[in-house]
Amino acid sequence: MPRNKPSAEERRKQFEALAFPHMDALYSTALRMARNALDAEDLVQDVYLRAYRFFDKFEEGTNFKAWIFKILTNTFINRYRQKVREPQHTEFEKVEYFYAVAEKERDDKYETRYDEKRYADLFGDEINTALGKLSYDFRAVVILCDIEGFSYKEIAAIIGTPIGTVMSRLSRARQQLQKYLRDYARREGFVKNPK
């Protein structure tokens, strides 16, 4: 005797009972994949729509969590492939607006400004000359870190780069300063002359 097909209401309730307990785990995974909260939310919504649409393909008694996570993975991969194929599209008005907002937030948070003129009076000619030989990017991180005492995270926010970039620039800037100031450091007794 053939089994009666469930009504639309029964189907919906059955889907909800199986799917909703996995919502947090799906969102968490989507967030790690997409690396953006809005994209993760869209991805999870799309996954639930697809899962409900193809719920009749789900074999009752099998692992629903594995089934819905497979849909999540496939949906993410398909979106990624689509983005790769599409040319980059930028709405300059939005970029300009978000840049202005980010700049304002950065200005509000960090009232201390990087002011080269202010630092020129702090050091002797040799140090000023050595700092002057550094590129602006290197000079800024040295001053913000070694003089102002900002953390790497704060510097990253101030100059608008990842922390790794701050660390890399700081390391390379310090190496260059060491090279530029080697003779000065020996003359002033900061470093002993090799015997």
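Predicted model, so just to flag it, every value in this text is computed and none were measured. (Residues numbered from 1 in each chain as written. Predicted model: local features only at pLDDT ≥ 70, side-chain atom pairs only at ≥ 80, totals over all residues. Heavy atoms only, no water.)

Student: Looking at this structure, how should I read the packing of helix α8 (residues 136–147) against helix α9 (residues 152–159)?
Tutor: Packed helix pairs are characterised by how far apart their axes lie and by the angle those axes make with each other. The interhelical angle for the contact between α8 and α9, taken along N-to-C directions, is 140 degrees, at an axis separation of 10 Å. On the basis of their axis angle, the class for α8 and α9 is oblique. Two packed elements cross with a definite hand, and for α8 against α9 that hand is right-handed. Contact residues: α8 offers V141, L144 and C145, while α9 offers Y152, I155, I158 and I159. When grouped by side-chain class, the residues that make up the contact of α8 with α9 number seven nonpolar, no polar and no charged. (Axes fitted to C-alpha atoms, helices over the stretch in contact; angles between N-to-C directions. Helix = DSSP H or I, 4+ residues; strand = E, 2+ residues; numbered from the N terminus. Parallel < 35°, antiparallel > 145°, perpendicular 65-115°, else oblique. Left-handed = near helix turned anticlockwise from the far one by under 90°. Contact = heavy atoms within 4.5 Å. Nonpolar A, V, L, I, M, F, W, Y, C, P; charged D, E, K, R; others polar.)

Student: Got a minute to help me understand the side chain of H22 in this structure?
Tutor: For H22, the location among the structural elements is in the loop between α1 (8–19) and α2 (23–34). Every residue in contact with H22, bar those within four places of it in the chain, is listed here: Y48, F64 and K65.

Student: Sorry, what's going on with the packing of α1 against helix α3 (residues 37–53) here?
Tutor: In contact at an axis separation of 11 Å, α1 and α3 are set at 135 degrees when each is read in the N-to-C sense. With respect to α3, the element α1 is oriented oblique. By crossing handedness, the relation of α1 to α3 is classed as right-handed. Taking contact as the criterion, the partners of A8, R11, R12, F15 and A19 in α1 are, on α3, Y48, A51, Y52 and R53. For the contact of α1 with α3, a count of residues per class yields six nonpolar, no polar and three charged.

Student: When you look at the environment of F55 in this model, what are you seeing that I'm missing?
Tutor: Note that F55 resides in the loop between α3 and α4 (64–85). A C-alpha to C-alpha distance of 8.4 Å links F55 and R11, two positions 44 residues apart in sequence. Among residues more than four places away in sequence, those in contact with F55 are R11, Q14, F15, L18, F64 and W67.

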